[in-house]
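Reading the structure
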Amino acid sequence: MSTIIPDATWNNTTTISNIVPTYNIDNIINGYIVSLDTENISTGYIQIVSEGVSMQIISFSLEGEHHTSTLNNNELYYLGNLKFAYKTNDTNYKLLTNEEVYFSLEDLEEMATDVVIKRSKSVTPYNAHTLVSNFQTAAMVKVGDFSGYNEHCSPTAGTNLINYWGSCRGMTNLLKNNGTTMTNTQIFQRLYTLMGTDATGTARTKIVSGIKSYMNERSIFPQIAYSSTGKLFFEQYIQGINTNTPLILSLDASTDHGYGNHSVFGVGYLGIYAIIIDGWSTGLTYINYDSLNLARYHHIGDF
(Lines give C-alpha, C1' and ligand atoms only; values in the text may rest on other atoms or scores of the structure.)
Protein backbone atom coordinates (compact mmCIF):
# COMPACT_ATOMS: atom_id res chain seq x y z
CA MET A 1 0.00 0.00 0.00
CA SER A 2 2.79 2.46 0.86
CA THR A 3 4.15 2.14 -2.69
CA ILE A 4 0.76 3.26 -4.06
CA ILE A 5 -0.32 5.89 -1.53
CA PRO A 6 2.36 8.26 -0.19
CA ASP A 7 2.69 8.21 3.63
CA ALA A 8 0.30 5.26 3.93
CA THR A 9 -0.27 4.25 7.55
CA TRP A 10 -0.86 0.54 6.90
CA ASN A 11 2.01 -1.93 7.15
CA ASN A 12 2.73 -5.51 8.20
CA THR A 13 1.64 -4.76 11.79
CA THR A 14 -1.80 -3.45 10.79
CA THR A 15 -4.64 -5.50 12.26
CA ILE A 16 -8.42 -5.49 12.22
CA SER A 17 -9.70 -3.95 15.45
CA ASN A 18 -13.45 -4.15 14.78
CA ILE A 19 -15.96 -5.22 12.16
CA VAL A 20 -19.41 -3.60 12.11
CA PRO A 21 -22.07 -4.96 9.75
CA THR A 22 -24.34 -2.57 7.86
CA TYR A 23 -27.89 -3.43 6.82
CA ASN A 24 -30.28 -2.58 4.05
CA ILE A 25 -33.90 -1.61 4.64
CA ASP A 26 -34.89 -5.28 4.69
CA ASN A 27 -32.53 -5.90 7.62
CA ILE A 28 -30.21 -7.93 5.44
CA ILE A 29 -26.49 -7.32 5.80
CA ASN A 30 -25.32 -5.23 2.84
CA GLY A 31 -21.73 -4.62 3.90
CA TYR A 32 -19.19 -4.08 6.64
CA ILE A 33 -17.10 -1.30 8.12
CA VAL A 34 -13.72 -2.76 9.02
CA SER A 35 -11.70 -0.68 11.50
CA LEU A 36 -7.91 -0.95 11.47
CA ASP A 37 -5.16 -0.43 14.05
CA THR A 38 -1.45 -0.06 13.47
CA GLU A 39 0.74 -0.37 16.57
CA ASN A 40 -2.32 0.28 18.78
CA ILE A 41 -3.27 3.47 16.94
CA SER A 42 -6.46 3.82 14.90
CA THR A 43 -5.36 3.99 11.28
CA GLY A 44 -8.57 4.26 9.32
CA TYR A 45 -11.17 1.89 7.99
CA ILE A 46 -12.42 0.07 4.91
CA GLN A 47 -16.11 0.12 4.00
CA ILE A 48 -17.25 -2.88 1.97
CA VAL A 49 -20.68 -3.19 0.34
CA SER A 50 -22.32 -5.99 -1.58
CA GLU A 51 -22.66 -5.59 -5.34
CA GLY A 52 -24.88 -8.46 -6.40
CA VAL A 53 -22.96 -11.63 -5.61
CA SER A 54 -19.66 -9.81 -5.08
CA MET A 55 -18.27 -7.40 -2.50
CA GLN A 56 -16.75 -4.02 -3.35
CA ILE A 57 -14.65 -1.52 -1.41
CA ILE A 58 -16.82 1.58 -1.51
CA SER A 59 -14.62 3.87 0.62
CA PHE A 60 -11.61 3.84 2.92
CA SER A 61 -9.45 6.13 4.99
CA LEU A 62 -5.89 5.82 6.27
CA GLU A 63 -6.42 7.66 9.54
CA GLY A 64 -8.77 7.91 12.50
CA GLU A 65 -12.10 6.10 12.84
CA HIS A 66 -15.27 5.96 10.79
CA HIS A 67 -17.73 8.66 11.90
CA THR A 68 -20.29 5.99 12.88
CA SER A 69 -17.93 4.42 15.44
CA THR A 70 -19.62 6.21 18.37
CA LEU A 71 -22.94 4.42 17.83
CA ASN A 72 -21.83 1.38 19.83
CA ASN A 73 -24.41 -1.40 19.43
CA ASN A 74 -27.00 0.40 17.31
CA GLU A 75 -27.97 -1.38 14.11
CA LEU A 76 -26.43 0.62 11.28
CA TYR A 77 -28.23 1.05 7.96
CA TYR A 78 -26.27 2.05 4.86
CA LEU A 79 -28.46 3.83 2.30
CA GLY A 80 -25.73 4.56 -0.23
CA ASN A 81 -24.09 7.88 -1.12
CA LEU A 82 -22.38 8.32 2.28
CA LYS A 83 -25.75 8.13 4.05
CA PHE A 84 -26.19 6.13 7.22
CA ALA A 85 -29.13 5.73 9.59
CA TYR A 86 -29.69 3.82 12.80
CA LYS A 87 -32.71 2.44 14.55
CA THR A 88 -33.88 4.33 17.62
CA ASN A 89 -36.87 2.15 18.47
CA ASP A 90 -39.22 -0.30 16.77
CA THR A 91 -40.59 2.23 14.28
CA ASN A 92 -38.20 5.21 14.01
CA TYR A 93 -34.83 5.68 12.37
CA LYS A 94 -32.44 8.59 12.68
CA LEU A 95 -30.34 9.76 9.77
CA LEU A 96 -26.74 10.52 10.70
CA THR A 97 -26.70 14.29 10.28
CA ASN A 98 -26.49 17.12 12.79
CA GLU A 99 -30.25 17.48 12.75
CA GLU A 100 -32.74 15.61 14.95
CA VAL A 101 -34.83 14.23 12.11
CA TYR A 102 -36.54 10.86 12.38
CA PHE A 103 -37.88 8.70 9.59
CA SER A 104 -40.22 5.81 9.09
CA LEU A 105 -39.14 2.66 7.27
CA GLU A 106 -41.04 3.89 4.21
CA ASP A 107 -38.95 7.07 4.14
CA LEU A 108 -35.73 5.04 4.18
CA GLU A 109 -37.01 2.76 1.43
CA GLU A 110 -37.61 5.77 -0.84
CA MET A 111 -34.17 7.23 -0.11
CA ALA A 112 -32.41 3.96 -0.84
CA THR A 113 -34.39 3.49 -4.07
CA ASP A 114 -33.46 6.97 -5.30
CA VAL A 115 -29.76 6.29 -4.74
CA VAL A 116 -29.87 3.03 -6.71
CA ILE A 117 -31.78 4.59 -9.63
CA LYS A 118 -29.37 7.53 -10.00
CA ARG A 119 -26.08 5.63 -9.95
CA SER A 120 -24.01 5.84 -13.13
CA LYS A 121 -21.46 3.40 -14.54
CA SER A 122 -19.00 5.90 -15.96
CA VAL A 123 -15.71 5.41 -14.12
CA THR A 124 -12.40 4.80 -15.83
CA PRO A 125 -9.58 4.10 -13.34
CA TYR A 126 -6.70 6.55 -12.95
CA ASN A 127 -3.91 4.88 -11.03
CA ALA A 128 -1.76 7.84 -9.99
CA HIS A 129 -2.35 9.10 -6.44
CA THR A 130 -3.06 12.78 -7.08
CA LEU A 131 -4.00 15.65 -4.77
CA VAL A 132 -4.43 19.31 -5.66
CA SER A 133 -1.24 21.31 -5.24
CA ASN A 134 0.11 21.84 -1.70
CA PHE A 135 -2.97 20.29 -0.09
CA GLN A 136 -2.79 19.98 3.73
CA THR A 137 -5.36 18.19 5.86
CA ALA A 138 -4.35 20.44 8.78
CA ALA A 139 -6.16 23.30 7.04
CA MET A 140 -9.46 21.42 6.87
CA VAL A 141 -12.52 21.63 9.15
CA LYS A 142 -15.53 19.39 9.81
CA VAL A 143 -19.18 20.04 10.65
CA GLY A 144 -18.56 19.10 14.28
CA ASP A 145 -16.19 22.08 14.65
CA PHE A 146 -19.15 24.47 14.59
CA SER A 147 -21.51 23.82 17.49
CA GLY A 148 -25.02 25.21 17.60
CA TYR A 149 -25.67 24.74 13.88
CA ASN A 150 -27.72 22.18 11.94
CA GLU A 151 -27.51 21.18 8.29
CA HIS A 152 -24.37 23.25 7.72
CA CYS A 153 -22.26 21.00 5.50
CA SER A 154 -22.19 23.50 2.60
CA PRO A 155 -20.60 26.43 4.49
CA THR A 156 -18.28 23.83 6.06
CA ALA A 157 -17.19 22.68 2.60
CA GLY A 158 -16.92 26.35 1.62
CA THR A 159 -14.66 27.01 4.60
CA ASN A 160 -12.43 24.16 3.42
CA LEU A 161 -12.26 25.70 -0.04
CA ILE A 162 -11.35 29.11 1.42
CA ASN A 163 -8.74 27.52 3.69
CA TYR A 164 -7.26 25.62 0.76
CA TRP A 165 -6.72 28.75 -1.32
CA GLY A 166 -5.75 30.85 1.71
CA SER A 167 -3.55 28.47 3.72
CA CYS A 168 -2.29 26.03 1.09
CA ARG A 169 -1.99 28.30 -1.95
CA GLY A 170 -0.87 31.56 -0.35
CA MET A 171 -3.95 33.73 -0.95
CA THR A 172 -3.85 34.94 2.64
CA ASN A 173 -6.28 37.82 2.09
CA LEU A 174 -9.01 35.18 2.07
CA LEU A 175 -8.25 34.49 5.72
CA LYS A 176 -8.58 38.11 6.81
CA ASN A 177 -11.25 40.70 7.49
CA ASN A 178 -10.04 44.29 7.16
CA GLY A 179 -6.48 43.09 7.71
CA THR A 180 -7.25 41.02 10.82
CA THR A 181 -6.76 37.25 10.59
CA MET A 182 -10.04 35.38 10.99
CA THR A 183 -10.67 32.14 12.86
CA ASN A 184 -12.21 29.15 11.12
CA THR A 185 -15.45 29.90 12.96
CA GLN A 186 -15.50 33.48 11.66
CA ILE A 187 -14.89 32.31 8.09
CA PHE A 188 -17.64 29.70 8.46
CA GLN A 189 -20.11 32.20 9.93
CA ARG A 190 -19.54 34.67 7.10
CA LEU A 191 -20.08 31.96 4.49
CA TYR A 192 -23.14 30.72 6.40
CA THR A 193 -24.64 34.20 6.02
CA LEU A 194 -23.60 34.78 2.41
CA MET A 195 -24.92 31.36 1.33
CA GLY A 196 -28.25 32.04 3.03
CA THR A 197 -27.90 28.88 5.13
CA ASP A 198 -30.44 28.26 7.86
CA ALA A 199 -31.54 25.34 10.06
CA THR A 200 -32.94 23.55 7.01
CA GLY A 201 -29.69 23.74 5.02
CA THR A 202 -28.32 25.65 2.04
CA ALA A 203 -29.90 26.19 -1.35
CA ARG A 204 -27.39 24.71 -3.79
CA THR A 205 -27.86 27.62 -6.16
CA LYS A 206 -26.38 29.90 -3.48
CA ILE A 207 -23.18 27.97 -2.74
CA VAL A 208 -21.05 29.48 -5.50
CA SER A 209 -22.57 32.96 -5.20
CA GLY A 210 -21.90 32.93 -1.45
CA ILE A 211 -18.27 31.91 -1.88
CA LYS A 212 -17.79 34.39 -4.72
CA SER A 213 -19.24 37.21 -2.59
CA TYR A 214 -16.89 36.27 0.25
CA MET A 215 -13.92 36.42 -2.12
CA ASN A 216 -15.07 39.68 -3.73
CA GLU A 217 -15.27 41.29 -0.26
CA ARG A 218 -11.51 40.66 -0.07
CA SER A 219 -10.82 41.99 -3.58
CA ILE A 220 -10.30 38.53 -5.03
CA PHE A 221 -12.20 37.81 -8.24
CA PRO A 222 -12.24 34.25 -9.57
CA GLN A 223 -12.54 33.97 -13.35
CA ILE A 224 -14.24 30.58 -13.00
CA ALA A 225 -17.23 30.49 -10.67
CA TYR A 226 -20.15 28.32 -11.66
CA SER A 227 -22.47 25.65 -10.38
CA SER A 228 -23.66 22.95 -12.73
CA THR A 229 -26.34 20.30 -12.51
CA GLY A 230 -26.13 16.92 -14.15
CA LYS A 231 -23.57 14.19 -14.11
CA LEU A 232 -19.95 15.21 -13.62
CA PHE A 233 -18.09 12.38 -15.31
CA PHE A 234 -15.01 11.11 -13.55
CA GLU A 235 -12.84 12.35 -16.41
CA GLN A 236 -14.16 15.88 -15.82
CA TYR A 237 -13.53 15.60 -12.10
CA ILE A 238 -9.97 14.42 -12.87
CA GLN A 239 -9.47 17.42 -15.15
CA GLY A 240 -10.39 19.79 -12.33
CA ILE A 241 -7.99 18.12 -9.91
CA ASN A 242 -5.20 18.06 -12.49
CA THR A 243 -5.56 21.83 -12.92
CA ASN A 244 -5.29 22.16 -9.10
CA THR A 245 -8.89 23.29 -8.73
CA PRO A 246 -10.74 21.45 -5.95
CA LEU A 247 -14.50 21.07 -6.30
CA ILE A 248 -17.44 21.14 -3.93
CA LEU A 249 -19.75 18.21 -4.71
CA SER A 250 -23.44 18.26 -3.73
CA LEU A 251 -24.78 14.76 -3.13
CA ASP A 252 -28.39 13.62 -3.07
CA ALA A 253 -29.83 10.97 -0.81
CA SER A 254 -33.36 11.53 -2.09
CA THR A 255 -35.17 13.57 -4.71
CA ASP A 256 -38.39 13.74 -2.71
CA HIS A 257 -37.19 14.60 0.80
CA GLY A 258 -35.54 17.75 2.11
CA TYR A 259 -33.28 15.62 4.27
CA GLY A 260 -30.15 13.64 3.77
CA ASN A 261 -28.35 15.81 1.20
CA HIS A 262 -24.68 16.51 1.77
CA SER A 263 -21.79 18.61 0.47
CA VAL A 264 -18.21 17.33 0.33
CA PHE A 265 -14.90 18.80 -0.79
CA GLY A 266 -13.13 16.98 -3.62
CA VAL A 267 -9.34 17.27 -3.50
CA GLY A 268 -7.88 14.31 -5.42
CA TYR A 269 -8.21 10.84 -6.93
CA LEU A 270 -6.69 7.37 -6.95
CA GLY A 271 -7.82 4.64 -9.31
CA ILE A 272 -11.63 4.65 -9.30
CA TYR A 273 -11.75 6.62 -6.05
CA ALA A 274 -12.34 10.33 -5.55
CA ILE A 275 -10.38 11.66 -2.58
CA ILE A 276 -12.62 13.92 -0.52
CA ILE A 277 -12.99 15.69 2.79
CA ASP A 278 -16.39 14.24 3.68
CA GLY A 279 -17.29 16.82 6.36
CA TRP A 280 -17.55 14.22 9.11
CA SER A 281 -13.78 14.25 9.64
CA THR A 282 -10.83 16.28 8.36
CA GLY A 283 -8.91 13.28 7.05
CA LEU A 284 -8.84 12.04 3.48
CA THR A 285 -11.67 9.70 2.50
CA TYR A 286 -11.34 7.59 -0.63
CA ILE A 287 -14.82 7.06 -2.09
CA ASN A 288 -15.70 4.98 -5.15
CA TYR A 289 -16.75 7.69 -7.59
CA ASP A 290 -19.34 5.48 -9.21
CA SER A 291 -21.17 5.19 -5.89
CA LEU A 292 -21.77 8.93 -5.56
CA ASN A 293 -25.27 10.22 -6.24
CA LEU A 294 -23.99 13.55 -7.55
CA ALA A 295 -26.65 16.23 -8.04
CA ARG A 296 -24.53 19.34 -8.63
CA TYR A 297 -20.90 20.39 -8.61
CA HIS A 298 -19.40 23.77 -7.81
CA HIS A 299 -16.26 25.01 -9.53
CA ILE A 300 -14.34 28.10 -8.39
CA GLY A 301 -10.84 28.97 -9.56
CA ASP A 302 -8.59 30.71 -12.11
CA PHE A 303 -7.69 33.79 -10.07
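Just so it is clear, the model here is predicted, and its values are computed rather than measured.

1. As for the overall build of the protein chain
The helix and strand inventory of the protein chain stands at five helices and 17 strands. Counting all 303 residues of the protein chain, 52% fall into the buried class. Contacts in the protein chain between residues at least 24 apart in sequence constitute 61% of all its contacts with a sequence separation of at least 6.

2. Comments concerning the packing of helix 2 (residues 153-168) against helix 3 (residues 184-194)
Viewed as axis vectors pointing N to C, helix 2 and helix 3 meet at an angle of 125°, and their least axial separation amounts to 9 Å. Of the possible angle classes, the one that applies to helix 2 and helix 3 is oblique. Both helix 2 and helix 3 take part in a crossing whose hand is right-handed. Along the contact surface, helix 2 presents P155, T156, G158, T159, I162 and N163, while helix 3 presents N184, I187, F188, L191 and Y192. Here the residues of the contact of helix 2 with helix 3 are counted per class, giving six nonpolar, five polar and no charged.

3. Concerning the environment of Y237
The residue Y237 is located in helix 5 (residues 234-242) in this model. Placed 31 residues apart in sequence, Y237 and G268 show a C-alpha to C-alpha distance of 8.8 Å. Leave out the neighbours within four places in its chain, and Y237 touches L232, L247, L249, G266, V267, G268, Y269, A274, I275 and Y289.

4. A short note on the pairing of strand 13 (residues 247-251)
Of all five residues in strand 13, five are buried, a share of seventy percent or more. Of the two faces of strand 13, the one lined by L247, L249 and L251 and the one lined by I248 and S250 are each fully buried. Here strand 13 pairs with strand 14 (residues 262-271) via five bridges, running antiparallel. Paired with I248 across the strands is F265, a residue of strand 14. Here five bridges tie strand 13 to strand 17 (residues 294-301), and the two strands are oriented antiparallel to one another.

5. Regarding the pattern of salt bridges
A full pass over the atoms with the stated rule returns three salt bridges. For K142, the salt bridge identified is with D145, shortest N-O distance 2.9 Å. Note on K142: relative accessible area 28%, which makes it partly exposed. The salt bridge involving R218 is made with E217; its shortest N-O contact spans 2.9 Å. Assessed through its relative accessible area of 10%, R218 is described here as buried. Note on E217: relative accessible area 40%, which makes it partly exposed. A single network of salt bridges, built from pairs that share partners, joins R190, E217 and R218.

6. Remarks on the packing of helix 3 against helix 4 (residues 207-217)
Contact geometry for helix 3 and helix 4: axes closest at 8 Å, N-to-C directions at 125°. By the angle class used here, helix 3 and helix 4 are oblique. At the point where helix 3 passes helix 4, the crossing takes the right-handed sense. Mapping the contact onto sequence places I187, R190, L191 and L194 in helix 3 and G210, I211, S213, Y214 and E217 in helix 4.

7. Re helix 5
Here helix 5 has its buried residues at F234, Y237, I238, G240 and I241. For helix 5, the angular spread of buried residues about the axis comes to 160°, placing them on one side. Remark: N244 follows helix 5 within two positions and exhibits a positive phi of approximately 60°.

8. Thoughts on the side chain of D278
Structurally, the position occupied by D278 is in the loop between strand 15 (273-277) and strand 16 (285-288). Despite its burial, D278 pairs with no opposite charge; the closest candidate is K142, at 9.8 Å N-O. A polar side-chain atom of D278 sits 2.8 Å from the main-chain amide nitrogen of W280. What D278 contacts, discounting residues up to four positions off in sequence, is H262, S263, V264 and T285.

Definitions and limits used
Residues numbered from 1 in each chain as written. Predicted model: local features only at pLDDT ≥ 70, side-chain atom pairs only at ≥ 80, totals over all residues. Heavy atoms only, no water. Helix = DSSP H or I, 4+ residues; strand = E, 2+ residues; numbered from the N terminus. Buried < 20%, exposed > 50% of the residue type's maximum accessible area, 1.4 Å probe, protein only. Contact = heavy atoms within 4.5 Å. Axes fitted to C-alpha atoms, helices over the stretch in contact; angles between N-to-C directions. Parallel < 35°, antiparallel > 145°, perpendicular 65-115°, else oblique. Left-handed = near helix turned anticlockwise from the far one by under 90°. Nonpolar A, V, L, I, M, F, W, Y, C, P; charged D, E, K, R; others polar. Pairing = 2+ DSSP bridges. Salt bridge = Lys/Arg side-chain N within 4 Å of Asp/Glu carboxyl O. Arc of directions from axis to C-beta. Lys, Arg positive; Asp, Glu negative; His and termini not counted. Polar contact = N/O pair within 3.5 Å; in protein donor to acceptor, adjacent residues only side chain to side chain.

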